[in-house]
Amino acid sequence: MHPAPSLIAFSTLSGLGLGLLAFLGLGLAPTAGWTGFVFFALAFGMTGAGLLSSLLHLGHPERAPKAFSQWRTSWLSREAWVAMAALGVMGIYALLALLGLRISPLGWLGAALCLAVVFCTAMIYAQLKTVPRWHGPVTPLLFVGYAVTGGALLSGRVWPAALLLGIMAVAQFLAWRRGDRALSDSGTTIGTATGLGPRGRVRLFEPPHSGGNYLTKEMVFRVARKHAQKLRSLVLVFAFAVPVVALLMPFGHLSAGIAVLSHVLGMLGQRWLFFAEAEHVVGLYYGKGANAA
Amino acid sequence: MTALPEATTRKLGLVIDLDTCVGCHACVTACKGWNTENHGAPLGDADAYGAAPVGAFLNRIHSFEVQPDAGAAQTVHFPKSCLHCEDAPCVTVCPTGASYKRVEDGIVLVNETDCIGCGLCAWACPYGAREMDPLEGVMKKCTLCVDRIYNEELPEVDRVPACVRTCPAGARHFGDLGDPDSDVSKLVEARGGMDLMPEQGTKPVNKYLPPRARDQIDVLAPFLERVDEGPKGFLGWLDRALERL
């Protein structure tokens, strides 16, 4: 799939912002005074910037309000509703908390809604049978896991953050390994795509046209395998290893800053790979199979 | 509404004969022409006369080669457009309700004034049947020429999708696949019509007729009476007269 910068920015920033909001809602980060104000501003800023960048992905952003109408069937529509609810509840909670009145149940509700937004975002990808690498519970587990980890890191919970980073590094490694087999395990091949499989080995003889099209740009995008391995290693270093080492150093603004910046950089790489490595089954019609580079 | 109907009254769709298709792309051109000049936003082209033209098409012809375990490889021209699936995943993912499946005939359509161009329906389609218009920013897809098939301004012979009307090989057939007595249903029955990617669970309405086996010539063929008996009448006389010269 095409790794659109707007989608990478959206899912990275909103994931981290919503994770931090969840920690603020649970009262696991300072919510009062100037410190509280900075934390809330950071969390709302990241979430808001993420949601706005997702609008850039649309062909007609001015019609975005229509996206609230189909919550019965569409995860994208559910995401829109839950995001508004999360921002609304957390907005009220933040305002009252900064004025000195922290209502815990309201914060718990807000925290649950924040993680629900991340879950809805993940389900947009996880529901797609057409992208075997994304399809299944692994995508929501990773997304929510990353949001909680980001929240712990941004709110300065040193030991929980270090532990979660370790767990997520292993989870991510396993998810990549599963993902590499997902297309061939899905059973969809050029043989089932054309219905010609039982007759022999099928290969693309001629594409429909010599140039590209929307489908090949959007869905048949493939990152070279060689680079994928290097990028995965860089993600493991920046998203997990550097932050853990920084957290284990004497705690201060510098080490916390390094941990956060490195994690954000690593997460941008993780999300780039999430899109770039995902194989859409339509690629089979364009000669891109499970074993094609 | 993006909830799929429980059942549709009819299941209009196409039957595509992979045995007969010659890969001429006439249906692609007819489709682009009709759907650019008629219903909805025109099918746009970006950089149409430049170095890298990219345009929206609702129908594209791939060509595949099948290599059996023994014998010669076979080329199969493979037209592909929206299959108007019964369990259309493109419809349920739409956040705005722009995508819908009609109860009366099962056609999957996009209401272009509601489409926000998020592209999720194109991601959800395993067949690559939906393409974003590069100029309008809305999703385009095969309408089964909904503005032809019910159009009483057109002569009756033209009230079929443009691709079916234009196909010089007779490889495309249009009809109600929900009616077991329709011509298209009988054709599917007789020729073993198949679904594309059945494991994706989309239950496509359009069916594909597999190519017939090649190179099966009866061993007694050389002993059969000749069918071509040469020219008759004036041309026959001329032929014989010139032969004698």
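Small disclaimer: the values here were computed from a predicted structure and weren't measured.

(A) Molecular detail of the packing of aromatic side chains. Per the stated rule, a full pass over the model turns up 20 aromatic pairs over all chains. Each ring, one from Phe40 of chain A and one from Tyr93 of chain A, has its centre 6.2 Å from the other, and the planes form 70 degrees; the classification is edge-to-face. One end of the pair, Phe40 of chain A, is in helix α2 (residues 33-55); the other, Tyr93 of chain A, is in helix α3 (residues 75-98), with 53 residues separating them in the sequence. Centre to centre, the rings of Phe78 of chain B and Tyr208 of chain B are 5.1 Å apart; their planes meet at 5 degrees, and the pair counts as stacked. Of this pair, Phe78 of chain B sits in strand β5 (residues 74-81) while Tyr208 of chain B sits in strand β11 (residues 207-209), and the two are 130 residues apart along the sequence. We classify Phe78 of chain B as buried; its relative accessible area is 0%. Judged by relative accessible area, Tyr208 of chain B falls into the buried class, the value being 0%. Three or more aromatic residues link up through ring pairs in this structure, and these residues are Tyr125, Trp134, Phe143, Phe274 and Phe275 of chain A together with Trp123 of chain B. Sitting over the ring of Phe143 of chain A, Arg271 of chain A keeps its end group 4.0 Å from the ring centre. Seen from the ring of Tyr285 of chain A, Lys80 of chain B lies directly overhead, with NZ or CZ sitting 4.6 Å from the centre.

(B) A look at the UniProt feature "transmembrane region" (unreviewed entry) in chain A. In this numbering, the UniProt entry assigns the feature "transmembrane region" (unreviewed entry) to residues 7-28, 34-59, 80-100, 106-126, 138-154, 160-176 and 234-265 of chain A. Spanning residues 160-176 of chain A, this segment combines 100% helix with 0% strand, and its end C-alpha atoms are found 24 Å apart.

(C) Structural view of unusual backbone geometry. Residues and elements named next belong to chain B. Unlike most non-glycine residues, Cys145 shows phi in positive territory, near 50 degrees. In this structure, Cys145 sits in the loop between β9 (139-140) and α4 (146-149). Classification of Cys145 by relative accessible area gives buried; the value is 6%.

(D) Fine view of the environment of Tyr214 of chain A. Within the secondary structure, Tyr214 of chain A is located in helix α8 (residues 214-218). Note on Tyr214 of chain A: relative accessible area 13%, which makes it buried.

(E) Local environment of the packing of α2 of chain A against α3 of chain A. Residue and element names in this part refer to chain A. For the pair α2 and α3, interaxial distance at closest approach is 11 Å and the crossing angle is 165 degrees. With respect to α3, the axis of α2 lies roughly antiparallel. For the pair α2 and α3, the sense of crossing is left-handed. Of α3, the residues touching α2 (which contributes Gly33, Gly36, Phe37, Phe40, Phe44, Thr47 and Leu51) are Ala83, Leu87, Met90, Gly91, Tyr93, Ala94, Ala97 and Leu98.

(F) Highlighting a nonpolar patch on the surface. Among the surface-exposed residues, Phe234, Leu235, Trp237, Leu238, Leu242 and Leu245 of chain B lie close enough to one another that they form a single nonpolar patch of about 720 Å² accessible area. Since its relative accessible area comes to 59%, Phe234 of chain B is described here as exposed.

(G) A look at the sheet that holds strand β1 (residues 12-17) of chain B. Residues and elements named next belong to chain B. The three strands lie next to each other as β10-β1-β11, forming an open sheet whose pairing is mixed. Every interior strand has two partners, whereas the edge strands, β10 (172-176) and β11, have only one. For this sheet the average axis-to-axis angle between neighbouring strands, irrespective of direction, equals 25 degrees. Bridge count for β1 against β11 is three bridges, and the pairing is parallel. Counterpart to Ile16 in the pairing with β11 is Tyr208. Together, β1, β10 and β11 form the strand contacts of helix α6 (residues 183-191), whose direction differs from that of β10 by roughly 120 degrees.

(H) Region of interest: the pattern of salt bridges. Scanning the model with the defined rule gives 19 salt bridges over all chains in all. Note that Arg232 of chain A and Asp180 of chain A form a salt bridge whose closest N and O atoms lie 2.9 Å from each other. With Arg232 of chain A in helix α9 (residues 225-248) and Asp180 of chain A in helix α6 (residues 158-186), this pair connects stretches of sequence that are 52 residues apart. Of the charged contacts, one joins Asp17 of chain B and Arg191 of chain B as a salt bridge, the two residues approaching to 3.0 Å between their closest N and O atoms. With Asp17 of chain B in strand β1 and Arg191 of chain B in helix α6, this residue pair connects regions lying 174 residues apart in the sequence. The class of Arg191 of chain B is buried, set by a relative accessible area of 17%.

Procedures and definitions
Residues numbered from 1 in each chain as written. Chains lettered and ligands numbered in written order. Predicted model: local features only at pLDDT ≥ 70, side-chain atom pairs only at ≥ 80, totals over all residues. Heavy atoms only, no water. Phe/Tyr/Trp six-rings, centres within 6.5 Å; stacked < 30°, edge-to-face > 60°. Helix = DSSP H or I, 4+ residues; strand = E, 2+ residues; numbered from the N terminus. Buried < 20%, exposed > 50% of the residue type's maximum accessible area, 1.4 Å probe, protein only. Lys NZ or Arg CZ within 6 Å of the ring centre and 35° of its normal. UniProt positions renumbered as here; feature names shortened; annotations may be inferred. Axes fitted to C-alpha atoms, helices over the stretch in contact; angles between N-to-C directions. Parallel < 35°, antiparallel > 145°, perpendicular 65-115°, else oblique. Left-handed = near helix turned anticlockwise from the far one by under 90°. Contact = heavy atoms within 4.5 Å. Patch = residues over 30% accessible without salt bridge, like charges linked within 9 Å, V, L, I, M, F, W, Y side chains within 5 Å. Areas by Shrake-Rupley, 256 points an atom, 1.4 Å probe, with all protein chains shown as cover. Salt bridge = Lys/Arg side-chain N within 4 Å of Asp/Glu carboxyl O. Pairing = 2+ DSSP bridges.

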